[in-house]
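# Summary of the model geometry
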Amino acid sequence: MKTLKHCLNAVLAAFFLFQCTGKTAEKGAEEVQETHQEVAMEFNGFESQIALGEHLVLIGGCNDCHTPKKIGTHGMELDSALWLSGHPAGSPSIDVDRKAMERKGLVVTQVFTEWVGPWGVSYAANLTPDPTGLATWNENQFIYAIRNGKYKGLPNSRPLMPPMPWEMFKFMTDMELKAIFAYLQSIKPVSNMVPPPIPPVGVQ
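What this report covers is the structure whose coordinates are included nearby. If you're wondering where the values come from, they're calculated on a predicted model, not measured in any experiment. (Residues numbered from 1 in each chain as written. Predicted model: local features only at pLDDT ≥ 70, side-chain atom pairs only at ≥ 80, totals over all residues. Heavy atoms only, no water.)

What follows deals with the packing of aromatic side chains. A complete count under the given rule lists 2 aromatic pairs for this structure. Taking the centre distance of 5.7 Å and the plane angle of 70° together, the rings of Phe 112 and Trp 115 count as edge-to-face. By relative accessible area, Phe 112 is classed as partly exposed at 40%. We classify Trp 115 as buried; its relative accessible area is 15%. Between Phe 142 and Phe 181 the ring centres are 5.4 Å apart and the planes differ by 35°, which places this aromatic pair in the tilted class. Pair noted here: Phe 142 is in helix H5 (residues 139-148) and Phe 181 is in helix H7 (residues 174-184), with a separation of 39 residues, a long-range link. (Phe/Tyr/Trp six-rings, centres within 6.5 Å; stacked < 30°, edge-to-face > 60°. Buried < 20%, exposed > 50% of the residue type's maximum accessible area, 1.4 Å probe, protein only. Helix = DSSP H or I, 4+ residues; strand = E, 2+ residues; numbered from the N terminus.)

With that settled, consider the packing of H5 against H7. The N-to-C vectors of H5 and H7 enclose an angle of 120°; their axes lie 10 Å apart at closest approach. Considering the angle they form, H5 stands oblique to H7. For the pair H5 and H7, the crossing hand works out as right-handed. The residues of H7 that touch H5, namely those facing Glu 139, Phe 142, Ile 143, Ile 146 and Arg 147, are Asp 174, Leu 177, Lys 178, Ile 180, Phe 181 and Leu 184. Class assignment for the residues of the contact of H5 with H7 results in 7 nonpolar, no polar and 4 charged. (Axes fitted to C-alpha atoms, helices over the stretch in contact; angles between N-to-C directions. Parallel < 35°, antiparallel > 145°, perpendicular 65-115°, else oblique. Left-handed = near helix turned anticlockwise from the far one by under 90°. Contact = heavy atoms within 4.5 Å. Nonpolar A, V, L, I, M, F, W, Y, C, P; charged D, E, K, R; others polar.)

One pass over the structure, following the stated rule, counts 2 salt bridges. One salt bridge in this structure joins Glu 102 and Arg 98, with 3.7 Å as the shortest N-O distance. With a gap of 4 residues between them, Glu 102 and Arg 98 both fall in helix H4 (residues 98-104), about one helical turn apart. The class of Glu 102 is buried, set by a relative accessible area of 18%. The class of Arg 98 is buried, set by a relative accessible area of 18%. (Salt bridge = Lys/Arg side-chain N within 4 Å of Asp/Glu carboxyl O.)

Tracing the sequence through the fold places Val 116 in strand S4 (residues 114-117). On the basis of relative accessibility, which here comes to 2%, the residue Val 116 falls in the buried class. Among all residues touching Val 116, those that are not within four sequence positions of it are Ile 94, Val 96, Arg 98, Met 101, Leu 106, Val 107, Val 108 and Val 121.

Before going further, it helps to examine H5. Along H5, the residues classified as buried are Gln 141, Phe 142, Ile 143, Ala 145 and Ile 146. Its buried side turned inward, H5 meets helix H6 (166-169) and H7. Looking one or two residues past H5, Gly 149 carries a phi angle of roughly 65°, positive in sign.

Formed by 22 residues in total, the largest nonpolar core has its most connected members in Val 57, Leu 84, Phe 142, Ile 180 and Leu 184. Counting residues per element, the ones that place at least two in this core are helix H2 (49-59), H5 and H7. Counting residues per element, this core draws most heavily on H7, at 6 residues. Phe 142 has contacts with Trp 137, Leu 177, Ile 180, Phe 181 and Leu 184, leaving out every residue within four places of it along the chain. (Core = buried A, V, L, I, M, F, W, Y, C linked by side-chain atoms within 4.5 Å.)

Glancing now at unusual backbone geometry. With omega at 5°, the peptide bond leading from Pro 162 into Pro 163 counts as cis. Position of Pro 163 relative to the elements: it lies in the loop between H5 and H6. Phi angles above zero are rare outside glycine, and Phe 112 is one such case at about 70°. With respect to the helices, strands and loops of the structure, Phe 112 is situated in the loop between strand S3 (108-109) and S4.

What follows covers the side chain of Asn 126. Positionally, Asn 126 belongs in the loop between strand S5 (120-123) and H5. Within the structure, the side chain of Asn 126 is placed 3.2 Å from the side chain of Thr 132, a separation counted as a polar contact. From its side chain, Asn 126 meets the backbone oxygen of Val 190 in a polar contact 2.9 Å long. When near neighbours in sequence (up to four residues on either side) are disregarded, Asn 126 contacts Leu 84, Ser 85, Gly 86, Thr 132, Gly 133, Leu 134, Val 190, Asn 192 and Val 194. (Polar contact = N/O pair within 3.5 Å; in protein donor to acceptor, adjacent residues only side chain to side chain.)

Laid out in structure tokens, this is it:
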């Protein structure tokens, strides 16, 4: 009789333990799901800050100017090996009559990393986390650069040059700009010292 009683007690104990463990596991799963939902809400539905930043960089067209192009099976294609590394150092300059272009208000580009216009010549910057790019920048500098159109995000530095559309990008939220900076700091560093802009012919 005692043995039967012990067996019943053991079965009941196991049952209650299973119930408690099951509820604990279920509660744990709910908490994990809630955490994922909170993160997704925090980053506009994306799983992380970097994922949101990548999305914004892609839809913002940053690669149009900041990633060099190469000839592929479909014509001009982004060179993934030089992702967001800016105008390749040492590339031959566009051969145009700059004085005539400035007088007529014309603008020309070669592969979208070098631009010639009335403002002079500008080159797409290296946005990778290399010392020749954004490695020495901090988040506040990046936000200041986009908000105020200032090179390196420094108040006394030169303006960001055309065609960089900072006048539109400045309306991004702090969350969006922080996400973009986080993404840019996560990509492959590319050593590429982009040349400085050249002033118009008339002021050289």
